[in-house]
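Given next are the chains, with one letter for each unit.
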Amino acid sequence: MPIEIEHVTYDYMPGTPSQVRALDDVCMTIRDGEFLGLIGPTGSGKSTLIQHLNGLLVPTSGRVLIDGLDTRAKGTDLRKLRQKVGLVFQYPEEQVFEETVFEDIAFGPKNLGVLGEEIEARVREAIALVGLPESLLQRSPFELSGGQLRRVALAGVLAMRPEVLVLDEPTAGLDPLGKREILGHIRRLHERGLTVVMVSHNMEDVAKLADRLVVLDHGRIVLDGTPREVFSHGELLESIGLDIPDVTKMMKELRKRGWPVRTDVLTLEEAYEEISGYLAGTKVGGPR
Amino acid sequence: MNEENRAVVAETLVHTYGPDESSGVTALAGVDLEIKQGEFVCIIGPNGSGKSTLARHFNALLLPTSGRVLVFGMDTKDERNLWEIRRTAGMVFQNPDNQMVATVVEEDVAFGPENLGIKPEEIRQRVSDALKAVGMEDFSRASPHFLSGGQKQRVAIAGILAMMPSVIVLDEPTAMLDPRGRREVMETLSRLNKEKGITVVHITHHMDEAVHADRVIVMYEGKAVLSGSPAEVFSQTEDLSKWGLDVPFVERLGDMLRKSGYEVSRSALTVEEMVDELCRLRSST
Amino acid sequence: MIRGVIIGQYYPVRSTVHSMDPRAKILIATIFMVILFMGNNFYCFLAMGLFAVIAVLLSKVPWHVVVRTVRPMLFILIFTLALHLFLTPGPVLVRVGPITATWSGLVQGLFIGTRLVILIMFTSLLTLTTSPVELTDGLEDVLRPFSRLGVPHHELAMMMTIALRFIPTLLEEAERIMKAQMARGADFQSGNMLRRARNLAPLLVPLFVSAFRRADELALAMEARCYRGGEGRTRMKKLEMHRADYVGILLVLLASIVVVYLRIKFGPVIQGTV
Ligand SMILES: Nc1ncnc2c1ncn2[C@@H]1O[C@H](COP(=O)(O)OP(=O)(O)OP(=O)(O)O)[C@@H](O)[C@H]1O
Ligand SMILES: Nc1ncnc2c1ncn2[C@@H]1O[C@H](COP(=O)(O)OP(=O)(O)OP(=O)(O)O)[C@@H](O)[C@H]1O
Ligand SMILES: [Mg+2]
Ligand SMILES: [Mg+2]
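All values derive from a computational prediction rather than experimental measurement. (Residues numbered from 1 in each chain as written. Chains lettered and ligands numbered in written order. Predicted model: local features only at pLDDT ≥ 70, side-chain atom pairs only at ≥ 80, totals over all residues. Heavy atoms only, no water.)

S.K.: Please clarify how the site of ligand 2 should be interpreted in this entry.
M.R.: Residues and elements named next belong to chain B. Lining the immediate environment of ligand 2, one finds 13 residues, of which Asn-47, Gly-48, Lys-51, Ser-52 and Thr-53 sit closest. Between an oxygen atom of ligand 2 and a main-chain N or O atom of Gly-48, the distance comes to 2.8 Å. At 3.0 Å from an oxygen atom of ligand 2 is found a main-chain nitrogen or oxygen belonging to Gly-50. Of the residues assigned to the shell around ligand 2, the class counts are four nonpolar, seven polar and two charged. (Near = heavy atom within 4 Å. Polar contact = N/O pair within 3.5 Å; in protein donor to acceptor, adjacent residues only side chain to side chain. Nonpolar A, V, L, I, M, F, W, Y, C, P; charged D, E, K, R; others polar.)

Put into structure tokens, the structure is as follows:
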């Protein structure tokens, strides 16, 4: 189910003195099975863009086609689209409201008209996907830890069985362990065939997980490519207030100091290979 | 060491939330620590380990269930010290939106000094000095609503600076910021620490922010379980992962290289230090 | 969308009215309201309307902005008009089935309506030309004499500042929660009133929780900055009255004399009312 974004422009408060152009002629296609990382400085339009992916916002001009359906067209059933494109907002745990974890996760399926046992099945399936024990289902959401609550919120969207999962900064505020766990679950969901779109301020995370990165600045796409391609534009990224992963930064610095190492390195393991390979080379083959 | 050198001291500090000790949540279970004047200390630890609770003891927003906390020798339990402690130890919180009082930047910065009953002319001076110190002087008439997260946090820091504190305690001030915002805040803090000698206590989940500190304190299940220089702390790889914490990638790379027999110094923690270290290694072989 | 409306309240331009002392403006607005309710015929309103028009012109706030502030009240206006039109006894204007509209109803409806419009326009002018902080500072000062009667003037003013400060945040939050629930299939748009009202319920819980959490954090942040109520507190900005302020107050007093004169001269628009 591809999502096509064609020349999308979006203005908040159009026609008032405080009009803001949040998106400016954005074009891109989200392909099936892709893991797309969306990065950009504060206010660059990331949250605005992802709300277009399930019709919560519709373009001021241009159009968004989800599985060929125009979100602006009269006949389009937006609720159906929202089921297919599951959107998890930032700090989703602040939005739980039901008395039990079960009820909260069941909220989505119930709205979709799912009934009885099917709801049970969906809820159990969803918590299994995010690695929560069934013993939590009857607890109040307010008794859970931050990391658990975050997973409940994620399960609430997964219970609608979406084909595309869109996440706005899913790891903000979590400790390193909680973060690793959530990212692990997201990675596994992607491996099971879900298309994933993830907004993040953490360059390391997107470098590791995404197979494509889109960089937004002032509502425009400034870069679009594989993480390696994108992070090779270190200066551009820095000029708009972003960063490149520390590993990449280190390799670039080494290169400057005359090391013949690759600079498009994104993981610790790759860096280790490069550095130890070179050091071994100088020891064995180099002039002594 | 004499009293004046010690900015903050916690002695077997216990804090229990709830009606009484038996039924409540023990967030701090006997913390002992000491922060020297002029130090830049980072506190790390998993969610729920008691970092925020500890921070709130440093300016008497919470009082010990047992044990005691001294701020420049003043006991937080002594009612008479309350306002002087809060002035001396300023506090910045995680969510910039929830700590702005006023709808204009300079009015917000003035809020602290106004509470202290300082004369209007002097408040003006302090506000403009504080905004300059955080590089926000051009925004004095702006509405906080229109600032970026990093800018809002700098305004919050200015609001504290205007009270002329000796210690600033920051509870995850960078958690909600983008890379530039984080950089702005971190640079501001290190400048204040170096140039004005302000003691900084910085709570964070970002290990790469902790490597720049003078000292790192690790909280786990309500106790300060480890304290030392970043190099000392981050070399405890096993303990850290047991506590659910991360090790900065430079340290992990160093570990991998050491395992392969290269003599990489443990004191290399930042990218720059590691690059220097590797170059040294290369020229020595 | 919500953001724009609230921030749009204060219209930032430089003008005589903007630079006036908030206390003077509050005083003028209060006197204006009192005499507006003293006015009992259209001549009075003509005088008041003229006063309001001059104030708007001086404030340099464009007319469409001022008119926009009346729009949210349109429903109430029409409702009031209809109520009077159909429920006031008197000579029949038209009769549609069992419902009769009367002449006196029309006059009375128009009378109340005009009063409301002038009232809304003039009070909006106060918020359009005074920043929330100025407004609360002014209010605190104006209320100070009442502190002897046990009115907590400082706390009231502080509460108002914080409310003003938090309204946009809370509205944003409501929008956020609503969107999050819509993303999970919730429907706020279709169905009858009852259904829609019921659908709003899941919105309220997280909104209240969030409001309390924010209030809690703000209270903590204020305490951390040595806030302890009004006692011992100074202000960076001292309010000062200037010539324009005195002139303004003088004019509104003059206007009230005119209104009293017109009231006595022409009498009530409808016999038997005040
Ligand atoms: N509800 C709204 N009303 C008015 N303007 C808005 C609204 N939401 C966002 N904006 C503005 O639109 C622009 C894009 O905002 P958006 O939230 O999409 O950015 P973002 O990239 O998600 O930023 P962040 O990293 O801070 O979450 C910003 O200038 C913002 O101020
Ligand atoms: N107001 C409160 N009432 C009851 N229990 C609380 C309260 N605040 C915190 N706690 C509990 O005290 C413990 C320590 O919480 P604290 O907020 O200090 O942790 P933290 O290290 O700051 O965590 P985080 O990294 O998530 O910010 C936790 O178990 C928490 O649930
Ligand atoms: Mg966003
Ligand atoms: Mg905390």
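S.K.: For this particular structure, what's the right way to read the site of ligand 1?
M.R.: Around ligand 1, a shell composed of 16 residues is seen, among which A:Thr42, A:Gly43, A:Lys46, A:Ser47 and A:Thr48 lie nearest. Nearby residues place ligand 1 at the junction of chains A and C. Contacts to ligand 1 include A:Lys46, whose side-chain N or O atom sits 2.7 Å from an oxygen atom. Between ligand 1 and A:Ser47 there is a distance of 2.7 Å, counted from an oxygen atom to a side-chain nitrogen or oxygen. A total of 640 Å² of accessible area belongs to ligand 1 in isolation, and the protein chains cover 79% of it. Mapped by element, the contributors of at least two residues to the shell around ligand 1 are strand 2 (20-30) and helix 1 (46-52) of chain A. Here the element with the most residues in the shell around ligand 1 is helix 1 of chain A; it accounts for three residues. Classifying every residue of the shell around ligand 1 gives six nonpolar, seven polar and three charged. (Areas by Shrake-Rupley, 256 points an atom, 1.4 Å probe, with all protein chains shown as cover. Helix = DSSP H or I, 4+ residues; strand = E, 2+ residues; numbered from the N terminus.)

S.K.: Please explain a positive patch on the surface as it appears in this structure.
M.R.: A cluster of like positive charges, contributed by A:Arg187, A:Arg188, A:Lys208 and B:Arg252, occupies part of the molecular surface. As for its position among the elements, A:Arg188 is in helix 6 (residues 176-191). (Patch = residues over 30% accessible without salt bridge, like charges linked within 9 Å, V, L, I, M, F, W, Y side chains within 5 Å. Salt bridge = Lys/Arg side-chain N within 4 Å of Asp/Glu carboxyl O. Lys, Arg positive; Asp, Glu negative; His and termini not counted. Charge placed at Lys NZ, Arg CZ, Asp CG, Glu CD.)

S.K.: It is not clear to me how the pairing of strand 7 (residues 164-168) of chain A should be interpreted in this structure. Could you clarify?
M.R.: In regular strands, side chains alternate between the two faces of the sheet. Residue and element names in this part refer to chain A. Summarising burial for strand 7: five of the five residues are buried, a large majority. Side chains Val-164, Val-166 and Asp-168 of strand 7 all project onto a buried face; the interleaved residues Leu-165 and Leu-167 project onto the opposite face, where all are buried too. Of the strand pairs in this sheet, strand 6 (residues 85-88) and strand 7 are connected by four bridges, and their pairing is parallel. Across the sheet, the residue bridging to Val-88 is Leu-167, located in strand 7. (Buried < 20%, exposed > 50% of the residue type's maximum accessible area, 1.4 Å probe, protein only. Pairing = 2+ DSSP bridges.)

S.K.: Sorry, what's going on with the sheet that holds strand 1 (residues 6-17) of chain B here?
M.R.: Adjacent strands of a sheet form backbone hydrogen bonds with each other and so pair up, either parallel or antiparallel. Residues and elements named next belong to chain B. Pairing in this open sheet of four strands is antiparallel, and the strands run 2-1-4-5 from one edge to the other. Taken across any chain shown, the strands that pair with only one partner, and hence form the sheet edges, are strand 2 (25-36) and strand 5 (74-75). Bridge count between strand 4 (residues 66-71) and strand 5: two bridges; the pairing is antiparallel. Its bridge partner being in strand 5, Val-71 is matched across the sheet by Met-74.

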